[in-house]
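# Summary of the model geometry
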Amino acid sequence: MSISHFSVNACLLPICSLNGAAVTTVEGVGSTKTKMHPVQERIAAAHGTQCGFCSPGMVMSMYTLLRNTPEPSMEDIQEALLGNLCRCTGYRPIVDGFKTFCQVSAIHIFSFSITNIESDDTFQADDFRLVDPTQDFIFPPELMIVAQKQSHQRMVFQGERIKWITPADLEDLLELKSQYPHAPLLAGNTTVGPDMKFKGILHPVLLNIGRIQELREIKECDDGIWLLFAACTLTTIKEKLEEAVKVLPEEKSEGLHALLETLGKVASKQIRNVASVGGNILSSNPKFDLCSVLAALGCSLTILSKDGSRKLNLTEGFFTAVGKTALKPEEVMLSVYIPYTKKWEFMLAFRQAQCRQFAFSIINCGMKVIFFEGTNVVKDLKIFYGGAGATLVSTRNASQQLVGRKWNDNLLTDACKLVLSEIHLPDTAHGGMVEYKKTLILSFFFKFYLHILQKLKAMVTLYKIRFSVFPLGCQIGHRPLLIISYSEALFSQPLEDPVGRPNVHQSGFKHSTGEAIYYDDIPSIDGELFLVFVTSTRPHAKIISIDTTEALSMPGVVAFLSAKDVPGNNKRRWFHDMVELFIEEEVMCVGQMIGAIVAETREQARRAAQKVYVSYQDLEPVFFTIEEAINHQSFFSPQRKLERGDVDVGFETSDQILEGEIYMGGQEHFYMETQGVIAVPKGENGETDLFIATQHAAFAQEVVANALGVSFNKITCHVKRLGGGFGGKIMKIADISAAVAIAAYRTGRSVRCVLERGEDMLMTSGRHPFLGKYKVGFMNDGTIISADVTYYSNAGNTLDESQFIIEKALLHLDNCYKIPNLRGRGIMCKTYLPSYTAFRGFGGPQGLMVIESVINEVAAKCGLPAEEVREINMYRNESHTHFRQSFDASNMVRCWNECLEKASYYQRRQNIEEFNKQNRWKKRGISAVPIKFGIGFTKGFCNQGAALVNVYKDGSVLLSHSGTEMGQGINTKMIQIASRILKIPQSSIYIVETSTASVPNAIPSAASFGTDAVGMAVKDACENMMNRLQPIIEQHPKMSWEYWVKEAYLQRISLSSTGFFKGPNTDVDWERSEGNAYFYFTFGVCCSEVEIDCLTGEHKNIRTDIVMDVGQSLNPTLDIGQIEGGFVQGLGLYTTEELKFSPSGVLITRGPSQYKIPTICDIPEQMNTSLLQNTSNPHGIGEPTVFFGCTVFFAIKQAIAAARKDVGLHDNFTLNSPATPEKIRLACADQFTQMVRCVY
Ligand SMILES: Cc1cc2nc3c(=O)[nH]c(=O)nc-3n(C[C@H](O)[C@H](O)[C@H](O)COP(=O)(O)OP(=O)(O)OC[C@H]3O[C@@H](n4cnc5c(N)ncnc54)[C@H](O)[C@@H]3O)c2cc1C
Ligand code: FES
């Protein structure tokens, strides 16, 4: 009996399948209390944790890799981590920490270039402990014994609603299948599990085949056929075939190579470790990749039942409908036969997804051609497409007609027409993207054609062609290179002063060991209940009735709560509007809170919530888009305007004028920790404690108090840390908390609510979509004379923070450019969608995107590189914004020059031009964009921070402040500051949590201003404390801190001090278009290079260089973390993250399968980040670099323009954000898109 270690997705693994298995979790790997595992140590030490919510997953994937492969390659690391998402770090530091496990020779680039600092690294890899195998758990011997005993026994678990049966063996399985013909067979549970969880499908009986040895084998048969048994995992198959192809002759392994290519791109390692080949085939899901390849390979299946066996060919006829095959209910699949290919047989497989990896394919296909020996004449052709219909599609007729034809351009033209005419993809096809899918169908055939042509060329010597391959696999072999420049001030500072040093995140080791506590880690309190919301399913409707009879009769259900149960106010004022907590009469979007079920368990509450029946009367109007809102004139007020110069006169004096528009889609926060709260009623006077994931505890306190009808002082919000926030945990969480607090108040019991990912995405929404319309006047040399821009934001159905967001967009309208005549208008559209809210950058990334688009358009019109137009129009030295705030642009210009130089921009631009001339189907682009980003709140009263320092008699210090730790490292920086002022080691200072009881009336941790405001307050509090201690210190200068503290206590000196920071009185006079909107501006420049595959629209991020002015950094590695993390979040915003709604306003993209945030293979192959030297700017850095993701967008646009140029199309074309593969492909117009459009 052998033991295998593999990583899995805990949420997909049925607990019953674990019988006999040993489970290792992050807690079992190592601990700060005993001994950390090197994996845990290195990810933290390399600054690879921010909020830390993803860290245990990262650790476990890496740990498993090391258990199986002690000296992994970079490719192994990438494969192991691909299924682990991180929303904070941008992955680079995680990989840096883990690559220290690689043999040095396996790492292509492993050098950090750090200037001006004595220690020459962000972490000291030399200090790392080596992996000690004796630290690893051994597989429990008793489980081995149990496994041996149980291997031939049927096992049954009977649950409340489901019976789980593990058959003793294959024979037993056939017996059970005849008894329970409709019971699914569970192998990996990666299809059945999500169906049960998300679609509510209930299977009363489940037959677990994962342990049946006869179904888990792989055999190489004598007759040259591979036999894969149905329950073999995709990982096992991949590993076995990888070994096999190493020794097989090339012609025999053609098909296996194609299969391997596909296998490597199916899901992630964690899924492949459990997903079976049988499950993949029998799920009959056209998005799954294996069927098209196996069908093209000419595979057949062996099917068994109690009555015997039969063979079925795996072709399109095998799949009868989605989820249905030719198998009878009592039958099971035993195995799949894979034939070898022979000489003159060629095979390829393709797939294209929304992003490069870890995404379901939009179209997948397998293609095999056989030639008459020694010729280029087609003997047989097999083409299968997945995603081109409800089930697997074959172009059988086309293939037949091509038999006997020569493999040449005539065949290509005819094949494209035949294939296209045979595939019926109606406009209403599931998943949409019909034009793109059709284009992909042709593109894949063209790639196949070219590839075979090349092979034939070598074999037949008939052809002379120039060929360009498409090596767009996901590779991070060339690891990002991090160049950090630290402040020179560090030289002169005492060693014990931690300010400015690259300290590890204060919770880093707790993150990586799983010891960091998030709200949902708090153990349940006796009698605790769970709350699940009942939300609206109509976009605009009157609520007629709510029927809770069935729900309330269900087991464990305690109560249903709605507006009438609110003890205080169900409504609260938000500027001119009233916001309703539970909707009573009229719903205005899908996902609004109508009520909530409270039950003993989460599952009971979830089931009961589905049985609350709300009847509606639909109302008009209903619309969701900005364009529709404009047609309906549906806007929130106020409408804002900023203006400088005389725009109309400016147009008159310009050489040229252009008008255009750009649309930018929204973005989901996708913090790893979903929103939620635990409300604990204290039993007296409405006192309630809330343990809550919020960036704005004081606002939650206020909203809860309003709903309960109690004063603020009865409500205490506790925030230990957030698993990411990004602006999404400011507003919506307050209403969620109020509902949960009401449940606690009504029941007198603690109540917990943790939103599922889908619920969270549906209810809490994200970044505002924007439409920018512009008219711009410019001279022929690219100087912009005049611009008139109107921003329309889609605000959703309530105001939320939309006003401040559109204002931020307007205030960033000029970005870094001195446009003498500039007018901007901001209009918030009211639609029937969930209300959009704050998101990192807060309108900046949208507003800036529009003006950068303008620059690109102007450049295209003038025939100049966009960077030249940027330079021509750039602010220099002392300048004024379009709202007359003065600033010094010299650091901005320094960043620009430094970045272009470090990126070798001009040289690379030339190289790219050359590359584009040489390659027809791959194109590259490069773009450099600067940023000027306002830091602080435009509402002056928000610019404040507060802190409390309590010193205890033993000398330990408890620090509280008004910020919230959400990964950005505010606690680490505050401890660094306190340590400097109090002159005590950082280890003596502790931060427990953010609490409304310690620091009242705090502003949200937002606007990149948290560290500024809170840092000054902490400094103030510590200085106050030191002032009190000063007389004692002077009296006993040689004594210790502990002595001074004790002495102060004895002298009745208060050891509790507060600190406060009153920030600048920022404000904007919108009538006069002037004001000091921001405390100061942060500057930076980013330059990115990409490569696109013109045939599929896939892109690869080749290199990114960032130079950022963060002033005198408090902690450069934390700041670098913010820079890189922000950039990668922006990468997602502008390229992969696309939100889709159904025609009735339901968000369709409600989880990681449909909504693609960047994965580890989306980050640039090389990434250079530097901090500007010798600068005294302050240091707000959380938000600005999200915008830098647009450099990738504009580089893509440039690459598309190069492709269009090849077919004589102009480079002035619209590309909306995000630049998904679909948009890229369709913009790269060519003969294939044209062919599709003619048919379309
Ligand atoms: C996050 C995620 C990402 C994914 N990405 C991809 C991707 O990129 N490409 C891709 O191709 N797939 C992808 N998948 C799908 C995955 O590959 C399939 O779900 C998996 O192969 C199914 O295998 P399973 O063993 O888990 O099936 P299970 O869920 O255990 O079973 C699936 C179905 O197959 C039937 N079945 C299983 N074995 C037999 C048998 N021997 N005889 C008869 N019926 C049988 C069951 O009755 C059931 O109806 C992804 C899945 C997830 C969860
Ligand atoms: S650190 Fe990875 S999600 Fe926050």
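Residues numbered from 1 in each chain as written. Chains lettered and ligands numbered in written order. Predicted model: local features only at pLDDT ≥ 70, side-chain atom pairs only at ≥ 80, totals over all residues. Heavy atoms only, no water.

### Some thoughts on the nonpolar core
In terms of nonpolar packing, the biggest core is built from 306 residues, with Tyr385, Trp407, Phe445 and Phe533 touching the most fellow members. At 14 residues, helix H16 (residues 434-460) tops the list of elements feeding residues into this core. Counting 45 residues, the second-largest nonpolar core is a separate cluster that includes Ala258, Leu260, Ile281 and Leu312. (Core = buried A, V, L, I, M, F, W, Y, C linked by side-chain atoms within 4.5 Å. Buried < 20%, exposed > 50% of the residue type's maximum accessible area, 1.4 Å probe, protein only. Helix = DSSP H or I, 4+ residues; strand = E, 2+ residues; numbered from the N terminus.)

### Observations regarding the sheet that holds strand S16 (residues 393-394)
Spatially, four strands are ordered S13-S14-S15-S16 in an open sheet, and the strand pairing comes out antiparallel. Looking at the sheet topology across the chains shown, the edges are occupied by strand S13 (345-353) and S16. Note: S13 against strand S14 (residues 361-371), nine bridges, orientation antiparallel. By the bridge assignment for S14, leucine 348 is matched with methionine 367. Strand contacts of helix H13 (residues 290-297): S13, S14 and strand S15 (378-386), with the helix running at about 10° to S14, the strand carrying the most contacts. (Pairing = 2+ DSSP bridges. Contact = heavy atoms within 4.5 Å. Axes fitted to C-alpha atoms, helices over the stretch in contact; angles between N-to-C directions.)

### Regarding the UniProt feature "active site" (unreviewed entry) in the chain
Per the UniProt record, the feature "active site" (unreviewed entry) sits at Glu1183. Following the sequence through the fold, glutamate 1183 ends up in the loop between strand S47 (1166-1171) and helix H34 (1189-1206). Glutamate 1183 sits in the buried class, given a relative accessible area of 8%. Residues within four places of glutamate 1183 in sequence aside, it is in contact with Arg840, Gly841, Phe842, Phe933, Ala1007 and Ser1008. (UniProt positions renumbered as here; feature names shortened; annotations may be inferred.)

### Here we look at the packing of aromatic side chains
Within the structure shown, the criterion is met by 30 aromatic pairs. On the basis of an interplanar angle of 50° and a centroid distance of 6.1 Å, the ring pair of tryptophan 407 and phenylalanine 445 is categorised as tilted. Taken together, the residues tryptophan 407 in the loop between helix H14 (396-402) and helix H15 (409-422) and phenylalanine 445 in helix H16 connect sequence positions 38 residues apart. Assigned by exposure class, tryptophan 407 and phenylalanine 445 land together as buried. When the centroid spacing of 6.4 Å and the interplanar angle of 90° are considered together, the rings of phenylalanine 937 and phenylalanine 1009 count as edge-to-face. Of this pair, phenylalanine 937 sits in the loop between strand S37 (922-935) and strand S38 (944-951) while phenylalanine 1009 sits in the loop between strand S41 (994-995) and helix H31 (1010-1035), and the two are 72 residues apart along the sequence. (Phe/Tyr/Trp six-rings, centres within 6.5 Å; stacked < 30°, edge-to-face > 60°.)

### Description of the pattern of salt bridges
Scanning the entire structure with this criterion turns up 65 salt bridges. Put simply, arginine 870 and glutamate 852 hold a salt bridge, and the shortest N to O gap is 2.6 Å. With arginine 870 in helix H27 (residues 866-873) and glutamate 852 in helix H26 (residues 844-862), the pair connects residues that are 18 residues apart, well separated along the chain. Glutamate 852 matches arginine 870 in its accessibility class, with the two residues each being buried. Across the salt bridge formed by aspartate 1105 and arginine 1103, the nearest N and O atoms sit 2.8 Å from each other. Considered together, aspartate 1105 and arginine 1103 belong to a single accessibility category, that of buried residues. Members of the salt-bridge network, linked through shared partners, are Lys641, Glu643, Asp648, Asp788, Arg823 and Arg825. (Salt bridge = Lys/Arg side-chain N within 4 Å of Asp/Glu carboxyl O.)

### Looking at the packing of H26 against H34
The angle between the axes and the distance between the axes are what describe a pair of packed helices. Direction vectors running N to C along H26 and H34 enclose 25°, while the axes themselves pass 11 Å from each other. Viewed along their axes, H26 and H34 adopt a mutual orientation that is roughly parallel. Crossing hand, H26 versus H34: right-handed. Here Met849, Glu852, Ser853, Asn856 and Glu857 of H26 come into contact with H34, specifically with Cys1190, Phe1193, Phe1194 and Lys1197. (Parallel < 35°, antiparallel > 145°, perpendicular 65-115°, else oblique. Left-handed = near helix turned anticlockwise from the far one by under 90°.)

### A word on unusual backbone geometry
Following glutamate 620, the chain continues to proline 621 via a peptide bond in cis, the omega torsion being -5°. Tracing the chain through its elements places proline 621 in the loop between strand S25 (613-618) and helix H20 (626-632). Note that the residue after serine 637, namely proline 638, is joined by a cis bond; omega there is 5°. Looking at the element boundaries, proline 638 is found in strand S26 (residues 635-644). With a phi close to 70°, tyrosine 91 is a non-glycine residue in the positive phi region. With respect to the helices and strands, tyrosine 91 occurs in the loop between helix H4 (74-81) and helix H5 (92-98). Owing to a relative accessible area of 0%, tyrosine 91 belongs among the buried residues under this scheme. The backbone of aspartate 800 sits at a positive phi, close to 45°, despite the residue not being glycine.

### Overview of the site of ligand 1
Around ligand 1 there are 31 residues in total, and Gly188, Thr190, Thr191, Ser276 and Asp289 lie nearest to it. Contacts to ligand 1 include threonine 191, whose side-chain N or O atom sits 2.7 Å from an oxygen atom. Contacts to ligand 1 include aspartate 289, whose backbone N or O atom sits 2.6 Å from an oxygen atom. In the complex, 91% of the free accessible area of ligand 1, which totals 980 Å², lies under the protein chains. (Near = heavy atom within 4 Å. Polar contact = N/O pair within 3.5 Å; in protein donor to acceptor, adjacent residues only side chain to side chain. Areas by Shrake-Rupley, 256 points an atom, 1.4 Å probe, with all protein chains shown as cover.)

### A short note on the sheet that holds strand S42 (residues 1056-1062)
Strands sit in the order S40-S39-S38-S42 across an open sheet of four strands; the sheet is mixed. For this open sheet the edge positions go to strand S40 (989-990) and S42, each flanked by a neighbour on one side alone. Strand direction decides the pairing type here: strand S39 (residues 957-961) and S40, joined by two bridges, are parallel. Its bridge partner lying in S40, valine 957 is registered against isoleucine 989.

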